[in-house]
Amino acid sequence: MLFCLCLQEGTTTIGNEDAPLKSDIVLNGPGIAAEHCVIKYTDNNVYLLPHSQAYCSVNGLDVTEPTRLTQGIYHIDVTHLFGLGVSAIINLKKLSWSC
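Here, residues in each chain are numbered from 1, in the same order as that chain's written sequence. In keeping with the predicted nature of the model, local features appear solely for residues at pLDDT of at least 70, side-chain atom pairs appear and are counted solely at 80 or more, and the whole-chain, interface and lining totals rest on all residues. Remark: hydrogens and water are excluded; side-chain values derive from all non-hydrogen atoms of the structure.

### Comments concerning the sheet that holds strand E8 (residues 67-69)
Within a sheet, neighbouring strands are paired by backbone hydrogen bonds and run either parallel or antiparallel to one another. As summarised here, the arrangement of the five strands in space is E3-E2-E4-E5-E8, forming an open sheet in which the pairing is mixed. With one partner strand each, in any of the chains shown, strand E3 (25-26) and E8 form the two edges of the open sheet. Two strands qualify as a pair provided that DSSP identifies no fewer than 2 bridges between them. Strands are runs of DSSP state E lasting at least two residues, helices are runs of H or I lasting at least four, and both sets are numbered from the N terminus onward. Pairing of strand E5 (residues 45-50) with E8 involves three bridges; the strand directions are antiparallel. Its bridge partner lying in E8, leucine 48 is registered against threonine 67.

### Things to note about unusual backbone geometry
Despite not being glycine, asparagine 44 has its phi angle at roughly 60°, a positive value. Burial classes follow relative accessibility: with a 1.4 Å probe on protein chains only, a residue under 20% of its type's maximum area counts as buried, one over 50% as exposed, and anything between as partly exposed. For asparagine 44, a relative accessible area of 65% translates into the label exposed. One non-glycine residue, glutamine 53, lies in positive phi territory at about 70°. Inspection of the secondary structure puts glutamine 53 in the loop between E5 and strand E6 (57-58).

### So, the side chain of histidine 36
Among the structural elements, histidine 36 can be located in the loop between E3 and strand E4 (37-42). The class of histidine 36 is buried, set by a relative accessible area of 0%. Polar contacts, as used here, are pairs of N or O atoms within 3.5 Å; protein pairs need one atom able to donate a hydrogen and one able to accept it. Residues neighboring in sequence count only if both atoms are side-chain atoms. A polar atom in the side chain of histidine 36 sits 3.0 Å from the backbone nitrogen of alanine 33.

### Structural notes on the nonpolar core
Here, nonpolar core means buried Ala, Val, Leu, Ile, Met, Phe, Trp, Tyr and Cys residues that are tied together by side-chain atoms lying within 4.5 Å of each other. Of all hydrophobic cores here, the largest spans 14 residues; its most connected members are Ile14, Ile39, Val46 and Leu48. Contributing elements (two or more residues each) for this core: E4 and E5. Each residue touching leucine 48, except ones within four places of it in the same chain, is listed here: Cys37, Val38, Ile39, Cys56, Val58, Val63, Glu65, Pro66, Thr67 and Leu69. Whether two residues touch is decided by their heavy atoms; if any such pair falls within 4.5 Å, the residues are in contact.

### Describing the environment of aspartate 18
Looking at the secondary structure, you find aspartate 18 in the loop between strand E2 (10-15) and E3. Spatially, the C-alpha atoms of aspartate 18 and alanine 33 are 8.4 Å apart, while their sequence positions differ by 15 residues.

### Focus on the state of the cysteines
Cysteine pairs can be covalently joined through their sulfur atoms, and such a bond is termed a disulfide. Throughout, disulfides are identified as pairs of cysteine sulfur atoms within 2.5 Å of each other. Tallied over the full model, the rule gives zero disulfides. In this structure cysteine 56 is not part of a disulfide, and its nearest cysteine sulfur, from cysteine 37, lies 4.2 Å away.

### Quick look at the confidence of the model for the protein chain
Note: pLDDT gives the predictor's confidence per residue, expressed from 0 to 100. Residues at a pLDDT of 70 or more form 65% of the protein chain, whose mean pLDDT is 75. This model gives residues 86-99 a pLDDT under 50, and the stretch forms 42 contacts once residues within four places in sequence are excluded.

As structure tokens, this is what we get:
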């Protein structure tokens, strides 16, 4: 399943359906926290701000503090990825594996 979202200036919240306030993007899965992370788009820059205890990575490295994003593919958790293009369009893709 592929999702496309055009980012607006400001913040986009990502979490699961148990978040105290409804997230802008709701993802389900064992690795998604209620309040997982925020994508902040300001002054033509995009930042990933993970919440504590939430797994996010950039270029294979764990992210524990605000991190500026450029074009590329980023992990929200072990099964959710998003790609960032130059026009600040985010593509979210849920991957599923079978054993």
